[in-house]
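Tertiary structure, described
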Amino acid sequence: MTTMLVLLVAAVCLSAHAVASMPTNAAFDDYFYTHFHPQPKKNWLNDPNGPMYFNDRYHLFFQYNPDGPKWGDMHWYHMVSKDLVHWDHLPVALAPDQPYDCGGIFSGSATIFHNVTTGKDIPILTYSVACGKAIVNAYPADVSDINLTTWTKPGFNPVINVPPSVSGGFRDPTTAWQGTDKVWRLLVGCGDGEGTCEYKSKDYVNWTYVGAFHSHGSGMWECPDFYQIPSTDAYVLKASAGGDWWTVGSYKQTDGVSKPDTFVPASGNDIHDDNQKYDFGQFYGKLWHTQASTDHICSRNTKSETYPLLPYLTTQPPRRFLTPSRTGKSYLVGSITDAQHATGPAYKRFQERSLLIRPIIPRL
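Conventions and cut-offs
- Residues numbered from 1 in each chain as written.
- Predicted model: local features only at pLDDT ≥ 70, side-chain atom pairs only at ≥ 80, totals over all residues.
- Heavy atoms only, no water.
- Helix = DSSP H or I, 4+ residues; strand = E, 2+ residues; numbered from the N terminus.
- Buried < 20%, exposed > 50% of the residue type's maximum accessible area, 1.4 Å probe, protein only.
- Areas by Shrake-Rupley, 256 points an atom, 1.4 Å probe, with all protein chains shown as cover.
- Disulfide = S-S within 2.5 Å.
- Core = buried A, V, L, I, M, F, W, Y, C linked by side-chain atoms within 4.5 Å.
- Salt bridge = Lys/Arg side-chain N within 4 Å of Asp/Glu carboxyl O.
- Pairing = 2+ DSSP bridges.
- Axes fitted to C-alpha atoms, helices over the stretch in contact; angles between N-to-C directions.
- pLDDT = per-residue confidence, 0-100.
- Contact = heavy atoms within 4.5 Å.

A tally of regular secondary structure across the protein gives 2 helices and 25 strands. Evaluated residue by residue, the protein yields a buried proportion of 57% over its 364 residues. By element, 54% of the accessible surface of the protein is carried by carbon and sulfur atoms, the whole surface being about 15,100 Å².

Here you go:
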């Protein structure tokens, strides 16, 4: 049985440029600002990245353009919450300030790494870059900081370079998991038809490409994730490939750092089969990671269009609880509504705004 980080499913150096680009508080006085959805105070956002629960805080990162309300110059915005409803804005966590950050910071994940020497847990952000050439690790500058405000990139980066045998895309690393052989595993969306590429490491710094983990059909698989259904021997593989797809199957560990592990979906139950999606529409989902909860929460970002009168674009929709059936044939979905824990004047303003927004901005 593989030792997996328990998952919650939801939808780094701080450069001088990132600090200068931090929004003001003016957006909080904007009548149409959502407040109860994770959203920057201004400008563009897209894919949710590296969500995790650490030090009694939910952390959500997402791709962000500090320069304007359209896609470009990708950074990682950072927000924290105690309840997944009320969110605090923090400084930009990751900026493209190193040569290997070519083209900008693309999607990635968070892993809670247990340091056996110190006995402490350390959150690690692992991300890809726009040019598709590398995978990078970032660490908190001060792990005792309750908000993990500042992140650093060690000198040994990048930790993974794109394999010569892979053509097409190379991005969106998953949260890593550690097998019974004490070896760490990591999946990356790769190529055109390769699906997911698997990497292994004994120390989380030196990674070996061991081959394809699983594929089905053609095209690039973005934002893959892999996790075990609690209290079962079943595993879920998720990928964004013309929608956010999931499949349930069996997983077999191959010991050591030289050969790939094996994942076999249930019969007729693979990515792109039977309309098995977390949701329908234009979404990218990402997983929450913790060591304490067996809940699954889905966090996604919506497709956006340009509304010239607004200083911000797109939002993270309401988080949803997901409960997979033991047969692997269905998910039970329940909403975490924005109003569930909201009280006071701010919620009353939200109710008023929600009525006025609908005729002006269509649902996406």
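Back to the text.
Okay, the state of the cysteines next. What we call a disulfide is simply a covalent bond connecting the sulfur atoms of a pair of cysteines. Under the counting rule described, the total for this entry stands at 2 disulfides. Here Cys102 engages in a disulfide with Cys131; their sulfurs sit 1.7 Å apart. Residue Cys102 is located in the loop between β5 (87-94) and β6 (105-115), and its partner Cys131 is located in the loop between β7 (120-129) and β8 (134-140); the two are separated by 29 residues in the primary sequence. We classify Cys102 as partly exposed; its relative accessible area is 26%. Taking relative accessible area as the criterion, Cys131 reaches 32% and is therefore assigned partly exposed. Sequence-ordered numbering of the bonded cysteines in the protein yields a pairing of 1-2, 3-4.

Membership of the largest hydrophobic core comes to 18 residues, with the highest contact counts inside it found for Met52, Phe61, Trp76, Leu94, Leu125, Tyr127 and Trp151. At the level of secondary structure, the elements contributing two or more residues to this core comprise β2 (44-54), β5, β6, β7 and β8. Counting 17 residues, the second-largest nonpolar core is a separate cluster that includes Ile135, Trp184, Tyr199 and Tyr204.

Taken as a whole, this structure holds 8 salt bridges when the rule is applied. Here Asp181 ties to Arg185 by a salt bridge, and the two come within 2.7 Å at their closest N and O atoms. With its nearest N and O atoms 3.6 Å apart, the salt bridge here joins Asp244 to Lys238. The pair formed by Asp244 and Lys238 is uniform in burial state, with each residue classed as buried. Among the charged side chains, a network of salt bridges with common partners joins Asp181, Arg185, Lys200 and Asp261.

Moving on, we come to unusual backbone geometry. Pro158 follows Asn157 through a cis peptide bond whose omega is -5 degrees. For Pro158, the position within the fold is in the loop between β9 (151-152) and β10 (160-161). In the Ramachandran plot, Leu148 falls in the positive-phi region, its phi being about 50 degrees despite a non-glycine side chain. Inspection of the secondary structure assignment puts Leu148 in the loop between β8 and β9.

Most of strand β17 (residues 235-240) sits inside the fold, with 6 of its 6 residues counted as buried. Where burial is concerned, the two faces of β17 agree: the one with Tyr235, Leu237 and Ala239 and the one with Val236, Lys238 and Ser240 are both buried. Looking at chain direction, strand β16 (residues 222-228) and β17 are connected through 5 bridges and run antiparallel. Looking across to β17, one finds that Phe226 is bridged to Leu237. A loop of 6 residues connects β16 with β17, the two strands running antiparallel in sequence, and Ser231 in this loop sits at a positive phi of about 65 degrees. As paired strands, β17 and strand β18 (residues 244-252) are joined by 6 bridges and run antiparallel to one another.

With that settled, the discussion passes to the pairing of β2. Extensive coverage of β2 is indicated by the burial of 10 of its 11 residues. Direction of pairing for β2 relative to strand β3 (residues 57-65): antiparallel, over a ladder of 7 bridges. Counterpart to Trp44 in the pairing with β3 is Asn65.

Another point: the sheet that holds strand β19 (residues 262-265). Taken in spatial order, the 4 strands of this open sheet run β16-β17-β18-β19, and their pairing is antiparallel. The strands lining the two open edges of the sheet, one partner per strand, are β16 and β19. Each strand axis lies, on average, 35 degrees off the axis of its neighbour in the sheet, ignoring direction.

Per-residue confidence for the protein gives a mean pLDDT of 76; residues scoring 70 or more make up 67%. The low-confidence segment residues 317-321 (pLDDT under 50) makes 43 contacts with residues lying over four places distant or belonging to another chain. For the stretch residues 331-364, pLDDT sits under 50, and the model shows 61 contacts to residues farther than four places along the chain or on other chains.

Below, the discussion takes up the environment of Cys190. Looking at the element boundaries, Cys190 is found in strand β13 (residues 184-190). Residue Cys190 is classed as buried on the basis of its relative accessible area of 0%. Along the primary structure Cys190 and Gly219 are separated by 29 residues, whereas in three dimensions their C-alpha atoms are 9.4 Å apart. Leaving out residues up to four positions away in the same chain, Cys190 has contacts with Val166, Gly169, Phe170, Gly195, Thr196, Cys197, Met220 and Trp221.

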